[in-house]
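Given next are the chains, with one letter for each unit.
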Amino acid sequence: GTTLGASAAEQGRYFGTAVAVNKLSDSTYVGILNREFNMVTAENEMKWDATEPSRNQFNFSAGDRLVAHAQANGMRVRGHALLWHQQQPGWTGSLSGSALREAMINHVTQVATHYRGKIHSWDVVNEAFDDGNSGARRNSNLQQTGNDWIEAAFRAARAADPGAKLCYNDYNTDNWSWAKTQGVYNMVRDFKARGVPIDCVGFQSHFNSGSPYPSNYRTTLQNFAALGVDVQITELDIEGSGSSQATSYGNVTRDCLAVARCNGITVWGIRDTDSWRASGTPLLFDGSGNKKQAYTAVLNAL
Ligand code: XIL
């Protein structure tokens, strides 16, 4: 193939990007999006603060615009994210205990129901594990409603949209030897053993000097897949430039292709200037929309 999406499709995979809906009026941006990608993730527009700004008052307008763009251009949609400790609407701050639990499950049910049939995979829960060496859950307001909050969310999402793959998504879970990776692995193994409806694990894969691309990344993907879940690379960006950055991008791509249950790769933005990172050049296209060395490395690996 001559584009990321077409080449990935030849391998039975997708190639996606995060999209900021307000950039759909930028012709350079949309030109690259429509040419190269066949999966999209809303960068912010399907998060809790965007979709439920007041309790039980939903606003799907921006997310719906992205779904419409995807459907009109033959792209599929990753849903991101039903529950996360960040980007919650202010009103959740006054809730705790059973009231927060009820609001949380209602949010999952309403959003997954609205998008039923339109989502390839949902990040049902995002970033629920602690950094550092504990391998434990993050102490969030959601965690404080009870350790079973994650499985309750997955069951609610399955009931609302039985056709979507349901994913757990996190960062710093790429290196097999890290405690956080093991914590997530143990949760997924337990969920599979007990019949909690989980279908996939998302590896954000934000690589930088503190958490570089690890040489055991393929091992991590393989070990999770062996639990009976699909694996997806969901928010890829790699700090750096030139040939070292390109090499890491190529390695990530080859690692996904080496794992049968690795469904696809999503980068977290199109041009370097679209990145959520305050500085640096972590993406596949430069600020003018030109293909970088990293782009060529990915295309050649596909
Ligand atoms: C980021 C967006 O890119 C930014 O625009 C926003 O200000 C903050 O969130 N992990 C995730 C994503 O799961 O939702 C985050 O996206 C990046 C880190």
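Look a little higher up for the structure.
A quick note: this is a predicted structure, and the numbers were derived from the prediction, not measured.

Let's talk about the site of the ligand
Every one of the 13 residues lining the ligand counts as a neighbour, but E43, K47, H80, N126 and E235 are closest to it. E127 places a polar side-chain atom, nitrogen or oxygen, 3.1 Å from a nitrogen atom of the ligand. W268 has a polar side-chain atom sitting 2.9 Å from an oxygen atom of the ligand. Taking 420 Å² as the accessible area of the ligand by itself, protein coverage stands at 79%.

Overview of the state of the cysteines
As enumerated under the stated definition, the model contains two disulfides in all. Between the sulfur atoms of C167 and its disulfide partner C200 the distance amounts to 2.1 Å. Between C167 and C200 the disulfide shows an S-S torsion of about -90°. By sign, it is left-handed. You can see C167 sitting in strand 5 (residues 165-170) and its partner C200 sitting in strand 6 (residues 200-203), a full 33 residues away along the chain. Residue C167 shares its accessibility class with C200, and that shared class is buried. A sulfur-sulfur separation of 2.0 Å characterises the disulfide bridge that pairs C256 with C262. Its torsion about the S-S bond being -100°, the disulfide of C256 and C262 is classed as left-handed. Here the two residues C256 and C262 agree in accessibility, since each one is buried. Once the disulfide-bonded cysteines of the chain are ranked by sequence position, their pairing pattern turns out to be 1-2, 3-4.

Notes on the packing of aromatic side chains
Within the structure shown, the criterion is met by 15 aromatic pairs. Taking 5.7 Å as the distance between ring centres and 65° as the angle between the ring planes, the aromatic pair formed by Y213 and Y217 counts as edge-to-face. As far as the burial class goes, Y213 and Y217 line up, both buried. Each member of the aromatic cluster is reached from another via a ring pair, and the members are F58, F60, Y115 and W122. Sitting above the plane of the Y171 ring, K180 keeps its charged end 3.5 Å from the centroid.

Notes on the environment of Y29
Inspection of the secondary structure assignment puts Y29 in helix 2 (residues 27-36). Expressed as a C-alpha distance, the spacing of Y29 and V19, which sit ten residues apart in the sequence, is 9.4 Å. Not counting the four nearest positions on each side in its chain, Y29 is found in contact with A18, V19, A20, K23, I270, R271 and D274.

Regarding the nonpolar core
Counting 87 residues, the largest nonpolar core has F15, W122, V125, F154 and L284 as the members making the most contacts within it. Element by element, the count of residues in this core is highest for helix 6 (residues 149-160), at seven residues. With near-sequence residues (within four places) excluded, F15 lies in contact with L4, G5, A8, F37, N38, M39, I265, V267, L284, V298 and L302.

Section: the pattern of salt bridges
In total, this model carries 15 salt bridges according to the counting rule given. For D230, the salt bridge goes to K165, with nearest N and O atoms at 2.5 Å. Note that D230 is positioned in strand 8 (residues 230-238) and K165 in strand 5, a separation of 65 residues in sequence. A relative accessible area of 10% places D230 in the buried class. Between R261 and D230 there is a salt bridge, with its nearest N and O atoms 2.7 Å apart. Taken together, the residues R261 in the loop between helix 9 (242-258) and strand 9 (262-267) and D230 in strand 8 connect sequence positions 31 residues apart. Here the salt bridges do not stand alone but share partners, grouping K23, D26, R271 and D274 into one network.

Basis of the calculations
Residues numbered from 1 in each chain as written. Predicted model: local features only at pLDDT ≥ 70, side-chain atom pairs only at ≥ 80, totals over all residues. Heavy atoms only, no water. Near = heavy atom within 4 Å. Polar contact = N/O pair within 3.5 Å; in protein donor to acceptor, adjacent residues only side chain to side chain. Areas by Shrake-Rupley, 256 points an atom, 1.4 Å probe, with all protein chains shown as cover. Disulfide = S-S within 2.5 Å. Helix = DSSP H or I, 4+ residues; strand = E, 2+ residues; numbered from the N terminus. Buried < 20%, exposed > 50% of the residue type's maximum accessible area, 1.4 Å probe, protein only. Phe/Tyr/Trp six-rings, centres within 6.5 Å; stacked < 30°, edge-to-face > 60°. Lys NZ or Arg CZ within 6 Å of the ring centre and 35° of its normal. Contact = heavy atoms within 4.5 Å. Core = buried A, V, L, I, M, F, W, Y, C linked by side-chain atoms within 4.5 Å. Salt bridge = Lys/Arg side-chain N within 4 Å of Asp/Glu carboxyl O.

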